[in-house]
Amino acid sequence: MIKRAMGFLSVMVVLIVLGFPAPSKVPEPKIPFDPPKTICYRAASPVQIDGDLDEDVWSKATWSDAFLDIEGSSRGKPRFRTMIKMLWDDDYFYIGAYLEEPNVWATLTKRDSIIYQDNDFEVFIDPDGDTHNYYELEMNALNTIWDLFLVKPYRDGGPAIHSWDIQGLKSAVKVNGTLNDPNDKDKGWFAEIAMPWEVLKEAAFPKSSPKAGDQWRLNFSRVEYRLNVVDGNYVKANDPSSGKPLPEDNWVWSPSGLVNIHYPEMWGYVQFSGKIAGRGRDSFQDKPEEKAKWALRKIYYAEWASRAEKGAFSSDWKVLGLKEKDLKLKGYGFPPVIQTTDSLFEAFYKGEAGDIWRIREDGKVWKDR
């Protein structure tokens, strides 16, 4: 019998979710599962949000590796460099970003515009790593913000709640050059963000800001268009064959293996440290349940492939085309239990320590509490 544990942030979210269609197929990432892992250290003092990342408080926070194409390194090196750094304190999660850019350009000025229609910087946060109930923030070089809440990824029926705002958000931009001026070459722009834990904790379990050692799933993205200059202004470059704008580039901290940032299972790991940045180091602690969660995710991909190709889910991992090497895990019973109905499935692993991890047809992964 398939168990069902429902838990949403509010009655409003429950009402929005009802009636959304299930996916017909979920494309599987075309790269190995290997998200980046990093440590976020505490800020030595409150961070002034003014776009200046040269201040002392940021000096001990390390830059990330340069972003990659969203499909992975096989797509080649991005044209321009993008990096991020992070800090935290009792009140805020701080993010700094550097976007190398010879032509700093932005047009949208109204909050909650579709910001990725400009060149932009984006943040995605899944506090409890269940791939549901996560946050998205986008901003352009005019410091115009679009913040939204995702009940589920779009592939699983969504929806995105556009009316949701990060109350108490602070953000700033510093342009190293001249904005919207094709008469010179710019060096880039910096984004600086402070997100209050009072808001971010709402999608965490338990509903609290992180403690030292906690790990959250995050990703950072950059949308970049090719530009031409027409009558002294930047315009998106068109494809000569179609006359339509060329597709944007998508550069990210943690590649998805396909052109879709809304694969939270592929996002990176951020471990919060109790140490002040520059005053000691912590090691990232790999958690064994992450291998169980990824094996469950492979079942999820295979179930939806089966549904698309054969019209049904399957409770037999061999029929799903999965391999023992992908599912047999140290510390967890084998094989995982898979239960199906005409329209639902659920799979779970039971660990030797008694922990049980589950996944269901809408992609939510969770531990029995």
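Residues numbered from 1 in each chain as written. Predicted model: local features only at pLDDT ≥ 70, side-chain atom pairs only at ≥ 80, totals over all residues. Heavy atoms only, no water.

All chains considered together, the criterion is met by 26 aromatic pairs. Between W88 and F272 the ring centres are 5.3 Å apart and the planes differ by 70 degrees, which places this aromatic pair in the edge-to-face class. Within this pair, whereas W88 is found in strand β3 (residues 82–88), its partner F272 is found in strand β15 (residues 268–276), the two being separated by 184 residues in sequence. An identical accessibility class is assigned to W88 and F272; each is buried. Seen in terms of ring centroids, F220 and W253 are 5.7 Å apart; in terms of plane orientation they differ by 65 degrees. Their pairing is edge-to-face. Of this pair, F220 sits in strand β11 (residues 215–224) while W253 sits in the loop between β14 (249–252) and β15, placing them 33 residues apart in sequence. Like F220, the residue W253 is buried in the burial classification. Grouping aromatic residues by their ring pairs yields a cluster made of W88, F93, W197, W216 and F272. The residue whose ring lies beneath R217 is Y269, and the NZ or CZ to ring-centre distance is 3.9 Å. (Phe/Tyr/Trp six-rings, centres within 6.5 Å; stacked < 30°, edge-to-face > 60°. Helix = DSSP H or I, 4+ residues; strand = E, 2+ residues; numbered from the N terminus. Buried < 20%, exposed > 50% of the residue type's maximum accessible area, 1.4 Å probe, protein only. Lys NZ or Arg CZ within 6 Å of the ring centre and 35° of its normal.)

For the rest of this paragraph, the subject is the pattern of salt bridges. The tally for this structure, following the rule as stated, stands at 24 salt bridges. Close ionic contact of E224 with R222 constitutes a salt bridge, the shortest N to O distance being 3.2 Å. With a shortest N-O distance of 3.0 Å, E346 and R358 are connected by a salt bridge. Placement of E346 in strand β17 (residues 345–350) and of R358 in strand β18 (residues 356–360) is noted, with a sequence separation of 12 residues between them. The network of salt bridges with common partners includes E101, R222 and E224. (Salt bridge = Lys/Arg side-chain N within 4 Å of Asp/Glu carboxyl O.)

Moving on: the nonpolar core. Core analysis: the largest hydrophobic core is formed by 43 residues, its most contacted members being F93, F121, M195 and F220. Discounting chain neighbours no more than four positions away, the residues touching M195 are D91, Y92, F93, I95, V123, I125, L137, I166, L169 and L200. Formed by 27 residues, the second largest nonpolar core is a distinct cluster that contains L258, I299, L322 and V365. (Core = buried A, V, L, I, M, F, W, Y, C linked by side-chain atoms within 4.5 Å. Contact = heavy atoms within 4.5 Å.)

This brings us to the pairing of strand β1 (residues 37–42). Residues in a regular strand project their side chains so that they alternate between the two faces of the sheet. Pairing of β1 with β15 involves five bridges; the strand directions are parallel. Looking at the pairing, T38 lines up with V270 of β15. In this structure, β1 lies alongside β3, joined through two bridges in parallel fashion. Bridge pairing links Y41 to L87 in β3. (Pairing = 2+ DSSP bridges.)

Coordinates in, geometry out; function isn't part of it.
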